[in-house]
Amino acid sequence: MSVKKWGNFNRYWINGEKGTLNQTIEVINPATGQVIGKVPCGGEELAHHAVEAAWKAFPDWAGRPAKERSVYLQAWADKILNHRTELAALLSVEQGKPIAEARGEIEGAAEFVAWYAEEAKRVYGEIIPASRPNQRISVLRQPVGVAALITPWNYPAAMVTRKAAPALAAGCTVVLKPAKETPLIAIALFDLLMETGLPGGAANLVTGEASKIGNAWMADERVRKISFTGSTEVGKKLMRRAAYHVKRVSLELGGNAPAIVFADADPDQAAAAIVDNKFENCGQMCNGINLIYAHQEIAQSLSEKIVERARQLKVGDGSEQGTQVGPLINESARKKVDSLVQDAIAKGAQVLLGGHALTDGVYQHGTFYAPTVLTGVDDGMNLTKEEVFGPVAPILSFANEDEVVKRCNQTRYGLAAYLFTRDLGRVHRVSEALEFGMIGVNGTSLSVPQAPFGGMKESGIGREGGHHGLEEFLELKYISMVLN
Ligand code: ADP
């Protein structure tokens with residue numbers, strides 16, 4: 001089937017060449033439990049080779065005219081789009097997401113590359129009025145150097161391009177490590193990048209033992225930048241290690257997104273947007289809604305509308321047409337989701353829908369979980385503090401604006417928050433008061449190439465997307481010159 005198109009996946013890419021290892025890691029389709037590929041299980045040695053190649057390639061890549069870098073990126077974007085059908089099929093069997101979502105992710109991944117192919121040409125400097133007549137002050141923006149990119153399994157295609165495209169556009173060379181659950185799509189994307197004839201060493205991909213590779217990169221002073229998306233726990237570890245050589249750090253970590261629905265909101269619009277967002281990628285989205293705060297006057301009617309929509313979702317193997325919710329990534333993810341749900345039930349939450357794993361019949365070999373809606377959720381339950389990362393919609397109620405803003409801001413996270421209201425004054429007040437990096441008003445779509453995606457507090461540092469995303473890979477250099 002479609003996976004075969006990419007041949008044997010036992011390959012890494014270093015210095016423009018592929019290599020294989022005898023020791024491999026198996027990759028499993030979470031819908032069927034079947035092994036769909038084996039990738040190299042690299043460690044420190046491979047990590048060092050990759051950095052060596054990136055470091056040697058840096059002066060040449062950084063020195064090329066932006067227009068030239070842009071041409072490679074545009075070629076990569078075109079190749080991704082030309083292969084979108086095969087890439088989406090691969091992404092779906094590897095990660096579990098429905099084929100329609102997988103296609104959307106691949107197209108979005110290509111869009112990021114195409115956008116940065118353009119933005120590469122707009123890295124402008126500055127001339128600043130000097131203090132003396134014979135002085136000139138200028139500011140250059142230069143690539144930081146070798147960038148280490150570590151990507152997660154939930155959006156394993158989009159995260160590769162969201163990091164690699166701005167880094168390469170800025171003139172950085174990169175070493176990338178995908179998550180062990182989803183390395184295949186990263187390999188396929190790198191195959192296409194290498195087909196563009198990108199200069200050897202500008203982009204390198206390794207797979208293997210996360211902590212060994214991560215530690216090797218953090219300890220290497222030639223790596224000047226780390227861009228990581230994943231858990232807050234691992235992000236903190238990397239940040240501590242990055243401190244040793246004072247590497248530049250961009251982190252996109254966990255979220256605990258609230259969606260606040262005020263009494264004056266359009267209830268159908270709110271319910272539709274919440275269900276679409278909440279069950280996308282089986283709830284495994286860092287900016288996905290974690291907690292739904294409904295004003296007490298509308299809590300019951302909103303809950304009914306959410307249940308009505310969620311009940312219709314078709315759960316199944318993502319690669320089957322019509323599936324809307326796939327499996328969770330693995331068994332430990334499913335156990336975590338279930339333990340948060342059972343904790344809430346034990347503490348008094350009512351189950352309006354689901355509330356259990358799906359283990360029979362067509363679901364028996366996968367890691368499926370029933371779309372779940374809970375009401376009567378309160379701040380004492382574990383799922384109000386921890387990211388659920390599953391198909392669970394917990395509904396809480398609130399009485400007034402000040403109270404709900406305060407409760408939402410209690411979390412240590414600050415990635416995304418959503419609000420639904422038709423009151424313009426409230427839109428401004430609440431958006432300004434919420435301590436989150438991104439606010440969705442009357443809708444939940446956030447990730448586009450031109451806007452700065454990222455969080456506050458323990459949700460991270462830095463932004464991806466937009467010209468802001470390019471800044472993450474650039475250093476300022478101030479030149480003061482005396483004319484002679
Ligand atoms: P999740 O909880 O989403 O699986 P992780 O933070 O564990 O998130 O994983 C995100 C990425 O970080 C993956 O590529 C994973 O392999 C990598 N990773 C995990 N542990 C480490 C580590 N100690 N050092 C570097 N990278 C790591």
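Here the structure is a predicted model, which is why all the values come from computation and not from measurement.

What counts, and at which threshold
Residue numbers run consecutively from 1 along every chain, following the written order of its sequence. Under the rules for a predicted model, residues below a pLDDT of 70 receive no local features and side-chain atom pairs below 80 are neither given nor counted, while totals for whole chains, interfaces and linings still include all residues. The side-chain quantities take in all heavy atoms of the structure and omit both hydrogens and water. Where helices and strands are cited, they refer to DSSP runs of H or I of at least four residues and of E of at least two residues respectively, numbered from the N terminus. Radius of gyration means the value over C-alpha atoms here, while the globule rule gives 2.2 Å times the residue count to the 0.38 power. Only protein chains enter the accessibility calculation, which uses a 1.4 Å probe; a residue whose area is less than 20% of its type maximum is buried, one above 50% is exposed, and one in between is partly exposed. Contacts are assigned to residue pairs with any non-hydrogen atoms lying within 4.5 Å of each other. Surface accessibility follows the Shrake-Rupley procedure with a 1.4 Å probe radius. Residue values consider only the protein chains on display as shielding. We call a residue near a molecule or strand whenever a single non-hydrogen atom of that residue lies within 4 Å of it. Any pair of nitrogen or oxygen atoms within 3.5 Å is treated as a polar contact; in protein, a donor-acceptor pairing is required on top of that, and neighbouring residues in sequence qualify only through side-chain atoms on both sides. Under the pairing criterion, centres of Phe, Tyr and Trp rings, with the six-membered ring standing for Trp, must be within 6.5 Å; the plane angle then separates stacked pairs below 30 degrees from edge-to-face pairs above 60, leaving the rest tilted. Charge-over-ring contacts are defined here by two conditions on Lys NZ or Arg CZ: a distance within 6 Å of the ring centre and an angle within 35 degrees of the ring normal. For helices, the fitted axis covers only the stretch in contact; all axes are lines through C-alpha atoms, and the angles between them, taken along N-to-C directions, range from 0 to 180 degrees. Each angle gets one of four labels, with under 35 degrees taken as roughly parallel, over 145 as roughly antiparallel, 65 to 115 as roughly perpendicular, and the rest as oblique. Left-handed describes a crossing in which the near helix is turned anticlockwise from the far one by less than a right angle; the clockwise case is right-handed. Gly is placed with the polar residues, together with every amino acid not listed as nonpolar (Ala, Val, Leu, Ile, Met, Phe, Trp, Tyr, Cys and Pro) or charged (Asp, Glu, Lys and Arg). UniProt positions are given in the numbering used here, feature names are shortened, and annotations may be inferred rather than shown by experiment. For a helix, the expected span equals 1.5 Å multiplied by the number of residues minus one. Cavity: a set of points on a 1 Å grid over the protein atoms alone where a 1.4 Å probe fits but cannot get out. Pocket: an open set with protein on both sides within 12 Å along at least five of seven lines, its lining residues, like those of a cavity, having an atom within 4 Å of a point. Grid points are joined across faces, edges and corners, and a volume is the space filled by probe spheres set on the points. At least two DSSP bridges between two strands are required for those strands to pair.

Turning our eyes to something else, we now look at the overall build of the protein chain. Of regular secondary structure, the protein chain possesses 15 helices and 24 strands. For the protein chain, whose C-alpha radius of gyration is 23 Å, the value lies close to the compact-globule estimate of 23 Å for 484 residues. The dimensions of the protein chain, computed from C-alpha atoms along their principal axes, are 75 × 60 × 40 Å. Considering the protein chain as a whole, with its 484 residues, one finds that 57% of them fall into the buried category. Excluding contacts between residues fewer than 6 apart, the proportion of contacts in the protein chain whose partners are at least 24 apart in sequence is 72%. Surface exposure of the protein chain reaches about 19,500 Å², of which carbon and sulfur atoms provide 51%.

Close contacts around the ligand come from 15 residues, with Thr-151, Trp-153, Lys-177, Phe-228 and Ser-231 the closest. Thr-151 places a polar main-chain atom, nitrogen or oxygen, 2.6 Å from an oxygen atom of the ligand. Within the side chain of Ser-231, one N or O atom sits 2.7 Å away from an oxygen atom of the ligand. Expressed as a share of its isolated accessible area of 550 Å², the protein-covered part of the ligand is 79%.

In this section: the packing of aromatic side chains. Inspection of the entire model under this criterion finds six aromatic pairs. An aromatic cluster is present here, built from Phe-112, Trp-115 and Tyr-116 joined pairwise through their rings. The cationic tip of Lys-97 hangs over the ring face of Tyr-155; the distance from NZ or CZ to the ring centre is 3.9 Å.

Any two packed helices are characterised by how steeply their axes cross, that is the angle between the axes, and by the distance between the axes. Helix H14 (residues 424-433) packs onto helix H13 (residues 401-409) with a crossing angle of 30° between their chain directions and a minimal axis gap of 10 Å. As the angle between them shows, H13 and H14 are arranged roughly parallel. Judged by the twist between their axes, the crossing of H13 over H14 is right-handed. Contacts between H13 and H14 involve Glu-401, Val-405 and Asn-409 from the first element and Arg-426, Arg-429, Val-430 and Ala-433 from the second. The class makeup of the residues in the contact of H13 with H14 is three nonpolar, one polar and three charged.

As a further point, take the UniProt feature "active site" (unreviewed entry) in the protein chain. According to UniProt, the "active site" (unreviewed entry) feature falls on Glu-252. Along the chain, Glu-252 falls in strand S11 (residues 248-252). Here Glu-252 falls in the buried class, since its relative accessible area comes to 3%. If near-sequence neighbours (up to four positions away) are discounted, Glu-252 is found in contact with Arg-162, Phe-228, Thr-229, Gly-230, Cys-286, Leu-415, Phe-453 and Ser-459.

This part is about helix H5 (residues 158-170). Over its 13 residues, H5 runs 18 Å from end to end, which matches the ideal 18 Å to within 8%, given 1.5 Å per residue. Counting buried positions along H5 yields 13 of 13 residues, so the element is predominantly enclosed. Where H5 ends, the next residue or the one after it, Gly-171, has phi of about 105°, a positive value.

Quick look at the layout of surface pockets now. One water molecule sets the probe size; rolling that probe over the atoms shows where empty space is left. Taken as a whole, the largest pocket spans an internal volume of roughly 1,100 Å³. Surrounding the largest pocket, 38 residues form its lining, Trp-153, Gly-230, Ser-231, Glu-233 and Val-234 being those nearest its centre. For the lining of the largest pocket, the secondary structure elements donating two or more residues are helix H7 (210-219), strand S10 (223-229), helix H8 (232-242) and helix H11 (331-346). The element contributing the most residues to the lining of the largest pocket is H8, with six residues.

The next point concerns the sheet that holds strand S6 (residues 135-143). The strand order S5-S6-S24 describes an open sheet built from three strands, whose pairing is antiparallel. Since the sheet does not close on itself, it has two edges, and those belong to strand S5 (126-128) and strand S24 (474-482), each with one partner. Geometrically, the sheet is characterised by an average inter-axis angle of 25° between neighbouring strands, direction not taken into account.

For the rest of this paragraph, the subject is unusual backbone geometry. Its identity as a non-glycine residue notwithstanding, Val-246 has a phi of 50°, on the positive side. One can find Val-246 in the loop between H8 and S11. If you check the backbone angles, Asn-442 has positive phi at about 55° while not being a glycine. Within the secondary structure, Asn-442 is located in the loop between strand S21 (438-441) and strand S22 (456-457). The class for Asn-442 is partly exposed, based on a relative accessible area of 27%.

Interhelical geometry of helix H2 (residues 66-82) versus helix H3 (residues 84-95) gives an angle of 70° and a closest axis separation of 5 Å. Taken as axis vectors, H2 and H3 run roughly perpendicular relative to one another. On H3, the residues touching Ile-80, Leu-81 and Asn-82 of H2 are Arg-84, Glu-86 and Leu-87. Split by residue class, the contact of H2 with H3 holds three nonpolar, one polar and two charged.

With that out of the way, let us pick up the environment of Lys-237. One can find Lys-237 in helix H8. For the pair Lys-237 and Asp-360, spaced 123 residues apart in sequence, the C-alpha to C-alpha distance is 39 Å.

Mapped onto the present numbering, the UniProt feature "domain: Aldehyde dehydrogenase" (unreviewed entry) falls at residues 23-479. Across residues 23-479, the secondary structure splits into 41% helix and 22% strand, with the terminal C-alpha atoms separated by 50 Å.

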